[in-house]
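Chain residues, written in single-letter form:
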Amino acid sequence: MKVTRASEVGQAAERRLPIPTWGASAAVMLAVASLYIEPPLPVVAALLLLAIGIAALDPPGVLAAIAASLALIEMPIPFGSLRFNPAEVLLATACGGIALRAGKTLLRGGFSVAQEALGRARTLAFSGFGPVAIALVVVGTLSLFTVADPSHRAESLREYRWVILEPVLFAFLLRWYLTDRADRWLVAWLFAGAAALAAVSAAVDGLSGSGLAVEGVVRISGTFPHPNALGLYLERVVPFAAALGIAFRSRVDARWLTLAAVCAGGLLLTFSRGAYLGAGAGLLVVAWLAGRRRLAGALAIGAVVLGGVLVLVAGDRILSLFSGGSGSLRLAIWQSSLAMIRDHPITGVGLDQFLYQYAPRYVLPEAWPERFTSHPHNIVLDLWLRLGIMGLGVAAAYVVVLVRRVHRIVGQQTRLGLGALGALVAGATHGLVDNGYFLPGLALAFWLVTAIIDLEVGRTGGDSG
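Below, the structure is looked at part by part. (Residues numbered from 1 in each chain as written. Predicted model: local features only at pLDDT ≥ 70, side-chain atom pairs only at ≥ 80, totals over all residues. Heavy atoms only, no water.)

1. With respect to the overall build of the protein
No. 1: Looking only at helices and strands, the protein features 19 helices and four strands.
No. 2: In terms of overall dimensions, the protein is globule-like: its C-alpha atoms have a radius of gyration of 22 Å, near the 23 Å expected for 465 residues.
No. 3: The buried share of the protein, taken over its 465 residues, is 52%.
No. 4: If you take every contact in the protein between residues at least 6 apart in sequence, the share linking residues at least 24 apart comes to 76%.
No. 5: Only carbon and sulfur atoms are counted for the fraction: they give 70% of the accessible area of the protein, which is about 19800 Å².
No. 6: Counting 36 positive and 27 negative side-chain charges, the protein places the averaged centre of each group 9 Å from the other. (Helix = DSSP H or I, 4+ residues; strand = E, 2+ residues; numbered from the N terminus. Rg over C-alpha atoms; globule rule 2.2 N^0.38 Å. Buried < 20%, exposed > 50% of the residue type's maximum accessible area, 1.4 Å probe, protein only. Contact = heavy atoms within 4.5 Å. Areas by Shrake-Rupley, 256 points an atom, 1.4 Å probe, with all protein chains shown as cover. Lys, Arg positive; Asp, Glu negative; His and termini not counted. Charge placed at Lys NZ, Arg CZ, Asp CG, Glu CD.)

2. Describing the packing of aromatic side chains
Two measures describe an aromatic ring pair: the distance that separates the ring centres and the angle between the ring planes.
No. 1: Under the defined criterion, the tally for this structure stands at 14 aromatic pairs.
No. 2: An angle of 85 degrees between the planes, with centres 6.3 Å apart, marks the rings of Tyr398 and Trp447 as edge-to-face. With Tyr398 in helix 17 (residues 379-412) and Trp447 in helix 19 (residues 440-457), the pair connects residues that are 49 residues apart, well separated along the chain.
No. 3: Residue Tyr398 is classed as buried on the basis of its relative accessible area, which comes to 7%.
No. 4: Exposure remark for Trp447: the relative accessible area of 3% places this residue in the buried category.
No. 5: The ring of Trp176 has Arg120 lying over it, and the distance from NZ or CZ to the ring centre is 4.5 Å.
No. 6: In this structure, Arg405 is placed above the aromatic ring of Phe129, and the distance from its NZ or CZ to the ring centre is 6.0 Å. (Phe/Tyr/Trp six-rings, centres within 6.5 Å; stacked < 30°, edge-to-face > 60°. Lys NZ or Arg CZ within 6 Å of the ring centre and 35° of its normal.)

3. Considerations on the nonpolar core
What tends to happen in soluble globular proteins is that the nonpolar side chains get buried as a cluster.
No. 1: Ranked by internal contacts, the top residues of the largest apolar core, which has 121 residues, are Leu63, Tyr233 and Leu418.
No. 2: Apart from the residues lying within four places of it in its own chain, the contact partners of Leu418 are Ala243, Ala247, Phe248, Val286, Leu289, Ala290 and Ile409.
No. 3: Membership of the second largest hydrophobic core comes to 14 residues, among which are Ala332, Met340, Val349 and Leu385. (Core = buried A, V, L, I, M, F, W, Y, C linked by side-chain atoms within 4.5 Å.)

4. Topic: a nonpolar patch on the surface
No. 1: On the surface, a nonpolar cluster with roughly 730 Å² of combined accessible area is contributed by Leu268, Leu269, Ile301, Val305, Leu306, Val309, Leu312 and Val313.
No. 2: Among the elements of the structure, helix 11 (254-270) and helix 13 (293-313) are those that each provide at least two residues to the nonpolar patch.
No. 3: Counting residues per element, the nonpolar patch draws most heavily on helix 13, which supplies six residues.
No. 4: Considering the arrangement of structural elements, one finds Val313 in helix 13. (Patch = residues over 30% accessible without salt bridge, like charges linked within 9 Å, V, L, I, M, F, W, Y side chains within 5 Å. Salt bridge = Lys/Arg side-chain N within 4 Å of Asp/Glu carboxyl O.)

5. Notes on the environment of Ile164
No. 1: Checked against the element boundaries, Ile164 lands in helix 8 (residues 153-177).
No. 2: Among the residues examined, Ile164 registers a relative accessible area of 0% and is labelled buried.

6. Some thoughts on the packing of helix 2 (residues 21-33) against helix 9 (residues 181-210)
No. 1: Orientation of helix 2 relative to helix 9, taken along the N-to-C sense of each, is 45 degrees, at an axis distance of 10 Å. Judged by the angle between their axes, helix 2 and helix 9 are oblique. As for how helix 2 packs across helix 9, the hand of that crossing is right-handed. Seen from helix 2, the contacting residues are Thr21, Trp22, Ser25 and Met29; seen from helix 9, they are Asp183, Leu186 and Leu190.
No. 2: Grouping the constituent residues of the contact of helix 2 with helix 9 by class yields four nonpolar, two polar and one charged. (Axes fitted to C-alpha atoms, helices over the stretch in contact; angles between N-to-C directions. Parallel < 35°, antiparallel > 145°, perpendicular 65-115°, else oblique. Left-handed = near helix turned anticlockwise from the far one by under 90°. Nonpolar A, V, L, I, M, F, W, Y, C, P; charged D, E, K, R; others polar.)

7. Overview of helix 3 (residues 41-57)
No. 1: Here helix 3 contains 17 residues, and its C-alpha end-to-end distance of 25 Å stays within 8% of the 24 Å for a straight helix at 1.5 Å per residue.
No. 2: All of the buried residues in helix 3 are Val44, Leu47, Ala51, Ile54, Ala55 and Ala56. (Expected span 1.5 Å × (residues − 1).)

Printed below as a string of structure tokens:
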């Protein structure tokens, strides 16, 4: 049940839509999805106004829809000559609706309401991961003034919007509005459910002949531009959903395990070795911290068996890692990245500047086939090169806060918190050999699960979902 309060600043629950929050999510997703057909301008305006109106009445519903939109993050919505991904459109409508809501509240409540809102904003900014988020915005902003190639500053500004400003704003709004645990469970359902649908859709497309045939296998990608990109998405959802199915209980939840299995099936068909590694690490951490040590052992054994099966049925793909395959290329890219760091040790080269430095100056002969790569395929090197030495400091601060949160996740036995932690582990593990953060979908997913952890560790009440 939603709690109605005299002041909507504290819990933001007053005057919700006369339908469940999932209904608001469905309505706003339908409105934004309709923009893909490029309707006439008056219809576009009407759809956007409808979405803003829904956001004004039920902000959690629109924020939850953003979690689902990650499945289509690589399919931008056209607005004439402009293109925006669906998460951006939903976030913009959420901000528009929230601004209307806040204006009405301030007019009704006056100075005291404004004081209360500012006080709560300060609390969110300086508690949990708030200071880390602020530091990221500050460091990202400073990096715009030290880009290695100013002629490509526009690309840096675009990435700044995609992976810093919008995700951090999303996390702040989640922490502000998702104080009701039912809303957080809705976000979880939409996050995992959309991923399962994306996995099924990609598998169907792959079986119909649209997959990428390479090294003796057919790799699926679905709504993503490459199988590795789909793998980066699904690998986070697999341990997230699995945690909600097994965590801290003697009885499993078949609904969540089904979603995890569907996503794992899609992940398997991407043949992304890094995604296998990331999802496996996330699952092991989830099982271990949930107190299911036998399951953790079974998962380790299962990983070995699965590896053997993959070698038998897809040996060319699995065994090509260091025989001229992606593993050898990564070693060469890492060497070039280290050379780039030696030339730019303090400030790095800037957001989305790697390509413009790598191809003309640093690419090694053996890595020539990957001369157009846009990142160093390692999260540590990526942070250093995009945000400079201060970026590594922000990452270290995040890890310190996260470690403190892990004890509370286990102590409070929060399934949502454990699932979010599993997603972080999966992304960080794969990020050691691929892109770990600096894509719009990855950054939004990162701050989504970060916000869930912040919200969960201080919770009270039950853990049903």
